[in-house]
Amino acid sequence: MRKFDTKVQYLKFKVLREVAREAWADRLLVTAIDIPKTIVPGNTPTMRCCVYKERAILSERVKLAMGGNKDENNVIEVIDIACDECPMGGYMVTDSCRGCLAHRCEDVCKKGAISFDHHHVAHIDKSKCVECGACAKVCPYSAIHNHKRPCESACKVKCISKDWNNAAKIDHSKCISCGACVYQCPFGAITDKSFILDVIDFIKKSENNTKYKTYAIVAPSVSSQFNYAKLGQVITGIKNLGFSSVIEVALGADMVAKDEAKELAEKGFLTSSCCPAFVEYIQKKFPELVPLISKNPSPMTAVARAIKQIDNTAKVIFIGPCTAKKAEAKRDGVKEFVDAVITFEELQALFDSKDIDITVLEESSMDNASYFGRIFAHLGGLATAVGQSLKEQNIDFDFKPISCDGIEACRMALLKKSKNVLDANFIEGMACIGGCVGGAGCLTHGERNRADVEKYGEDATKKSILEATNSPVIES
């Protein structure tokens, strides 16, 4: 069974794996420059026009795998020389235009951007076009196409443009670190910085001097990943990397659901605080709605804080599907509790860097959370958990949630709320389609992911949110 959706992911994994191998062996600084040669041996190119360009690009990937520029807080980066300069022309008339007499495209264009030559073939004046797409919708021959780069199409906050060299450029003042562009770029020219070296350093120091424990807190979407092995084997694999304990972030989700239900009843309206990309989207695009964001932390922060209240020397590493979590972990109120973030892609690289074959391991269990905390991983899970929490705490509140599948859906709900026409009192905002199971740092994406999360939830021994939170189990 395939470990990754795409060959781009596999290439990224190979770089991460080699960087991790060198870090475990304490020889990274000496051999980092030679890592591209281990991936592209000899003088025969496998992906690009020449082996030298391949290695130059791989060298940039190595830098990002080692953390990139530490002076810049952004998480998502463009590797300029890897960008294939895809066409970025917006709406254009193709050769399919038949020069019809109806001229519907002209009629619907409110900006007067459509004109015709002596053959009646349409042309678009780009200086007038506002990219509304009305002309494309009415063309009977589908002759008008929107030529966008895959990264630009994936970015729903419109932070991607082109630089002077036609390479993709990210406006970090708009970026919410969701990673949609990372997953969709077919050349792997956009990627997220890795903090895998920090994690290896924490593990090695904890093993060498036993001054602190390293806790892996694992997102519930792990149940939809590593589908070539059993979940219990993944947990054992994490422990074999050197982590002292493995805790479910779903426990933090139970904590958030419990407290968010109370907050909702007190305030009458809330937007969720669990998805950091959604929260940042509100802050950047709908600042007037910021007071409506739940004051509760994300499940990651909630469980990390609980761990550090018990063991203030602990190092807590979040493992999940989310690139935006890397940005969240740098914020005040979070960085005190979460020491590093890695994705499932990076976890796979760690396994392979130590030659850990999880398929032959015995199974370990995580038993920290309830069904409701575990289903936070898919769309609608958060709203279901808040509704359940209201019932368990006997809170009388007319709960009307709306679950938003992706940033476009979030935008519509927030826009309606800003105009006071939203028929809901709780917005569950998920930046990724399908929820966390669609995160950019996932190994695989697909419809079965939701079913896997549901099964994981049903396997929980704790049947209520209050059972999980009243006496939370931190050691595991």
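Here is a short report on the structure shown in this document. Counting starts from 1 at the beginning of each chain's written sequence and moves along it residue by residue. Whole-chain, interface and lining totals are the exception, using all residues; otherwise, since this is a predicted model, local features are given only for residues with pLDDT of at least 70 and side-chain atom pairs are given and counted only at 80 or more. No hydrogens and no water enter the side-chain calculation; it runs on all heavy atoms of the structure.

Concerning the environment of Val-15
Only DSSP runs of H or I reaching four residues or more are called helices, and only runs of E reaching two or more are called strands; each is numbered from the N terminus. Position of Val-15 relative to the elements: it lies in helix H1 (residues 7-24). Between the C-alpha atoms of Val-15 and Ser-161, which are 146 residues apart in sequence, the distance is 27 Å. Whether two residues are in contact is decided by their heavy atoms: any pair within 4.5 Å suffices. Excluding residues within four positions of it along the chain, Val-15 makes contact with Ile-39, Leu-58, Arg-61, Val-62 and Ala-65.

What to know about the nonpolar core
For our purposes a nonpolar core is just a set of buried Ala, Val, Leu, Ile, Met, Phe, Trp, Tyr and Cys residues, chained together by side-chain atoms within 4.5 Å. When accessible area is computed with a 1.4 Å probe and restricted to protein chains, residues below 20% of their type maximum are described as buried, those above 50% as exposed, and intermediate ones as partly exposed. Core analysis: the largest hydrophobic core is formed by 89 residues, its most contacted members being Ile-217, Phe-226, Ile-238, Ile-319, Leu-350 and Phe-351. The element contributing the most residues to this core is helix H11 (residues 249-267), with nine residues. Sequence-distant contacts of Phe-226, defined by excluding residues within four places in its chain, comprise Val-234, Phe-344, Leu-347, Gln-348, Phe-351, Ile-358 and Leu-443. If you look at the next biggest cluster of nonpolar residues, it comprises 46 residues, including Ile-76, Cys-275, Ala-277 and Leu-422.

Side note on the packing of H1 against helix H15 (residues 344-353)
Between the N-to-C directions of two axes lies an angle of 0 to 180 degrees, each axis being a line fitted to C-alpha atoms and, for a helix, fitted only over the stretch in contact. Where H1 contacts H15, the axes come no closer than 8 Å and their chain directions differ by 50°. Taken together, the axes of H1 and H15 are oblique relative to one another. Crossing angle aside, the handedness with which H1 passes H15 is right-handed. Two secondary-structure elements touch here, H1 through Gln-9, Lys-12, Phe-13, Leu-16, Arg-17, Ala-20, Arg-21 and Trp-24 and H15 through Glu-345, Glu-346, Gln-348, Ala-349, Leu-350, Asp-352 and Ser-353. For the contact of H1 with H15, the class distribution of residues is six nonpolar, three polar and six charged. Convention used here: angles under 35 degrees read as roughly parallel, angles over 145 as roughly antiparallel, angles from 65 to 115 as roughly perpendicular, and any remaining angle as oblique. Crossings are sorted by hand: turned counterclockwise from the far helix by less than a right angle, the near helix makes the crossing left-handed, and turned clockwise it makes it right-handed. When residues are sorted by character, Ala, Val, Leu, Ile, Met, Phe, Trp, Tyr, Cys and Pro go into the nonpolar class, Asp, Glu, Lys and Arg into the charged class, and all the rest, Gly among them, into the polar class.

A look at the packing of aromatic side chains
Working definition: rings of Phe, Tyr and Trp (its six-membered ring) pair if their centres are within 6.5 Å, and the pair is stacked with planes under 30 degrees apart, edge-to-face with planes over 60 apart, and tilted otherwise. Tallied over the full model, the rule gives eight aromatic pairs. On the basis of an interplanar angle of 50° and a centroid distance of 5.8 Å, the ring pair of Phe-399 and Phe-426 is categorised as tilted. Residue Phe-399 is located in the loop between helix H17 (381-392) and strand E14 (401-405), and its partner Phe-426 is located in strand E15 (residues 426-430); the two are separated by 27 residues in the primary sequence. Owing to a relative accessible area of 0%, Phe-426 belongs among the buried residues under this scheme. Taken together, the aromatic side chains of Phe-4, Tyr-10 and Phe-13 make up a single cluster linked through ring pairs. Here, a charge over a ring means that NZ of Lys or CZ of Arg falls within 6 Å of the ring centre while also lying within 35 degrees of the ring normal. The ring of Tyr-212 has Lys-315 lying over it, and the distance from NZ or CZ to the ring centre is 5.7 Å. The side chain of Arg-374 reaches across the aromatic face of Tyr-456, ending 4.0 Å from its centre.

Notes on a positive patch on the surface
A surface patch of positive charge is lined by Lys-148, Lys-156, Lys-158, Lys-174 and Lys-285. As for its placement among the helices and strands, Lys-174 is situated in the loop between strand E7 (168-170) and helix H8 (180-184). What goes into a patch is any residue over 30% in relative accessible area without a salt bridge, connected to like charges within 9 Å or, for nonpolar side chains (Val, Leu, Ile, Met, Phe, Trp, Tyr), within 5 Å. All accessible areas in this document rest on Shrake-Rupley with a 1.4 Å probe, and a residue is counted as covered only by the protein chains that are shown. Take a side-chain nitrogen of Lys or Arg and a carboxyl oxygen of Asp or Glu: if they are within 4 Å of each other, that pair is a salt bridge. In this tally, Asp and Glu contribute negative charge and Lys and Arg positive charge; neither His nor the terminal groups of the chain are included. Charge positions are represented by NZ for Lys, CZ for Arg, CG for Asp and CD for Glu.

A closer look at helix H19 (residues 448-458)
Listing the buried residues of H19 in full gives Asn-449, Asp-452, Val-453, Glu-454, Tyr-456 and Gly-457. Residues of H19 that are buried sit in contact with helix H10 (231-240), strand E10 (245-248) and helix H16 (371-374).

A closer look at H15
Here H15 lies mainly inside the structure; 10 of its 10 residues are buried. Taken residue by residue, H15 has Phe-344, Glu-345, Glu-346, Leu-347, Gln-348, Ala-349, Leu-350, Phe-351, Asp-352 and Ser-353 as its buried positions. Phi turns positive one or two residues past the end of H15, at Asp-355, with a value near 55°.

Thoughts on the side chain of Asn-74
Looking at the element boundaries, Asn-74 is found in the loop between helix H4 (51-65) and strand E1 (76-78). When its relative accessible area of 15% is taken as the criterion, Asn-74 is described as buried. Apart from residues no more than four positions distant in its own chain, Asn-74 is found in contact with His-172, Lys-193 and Lys-330.

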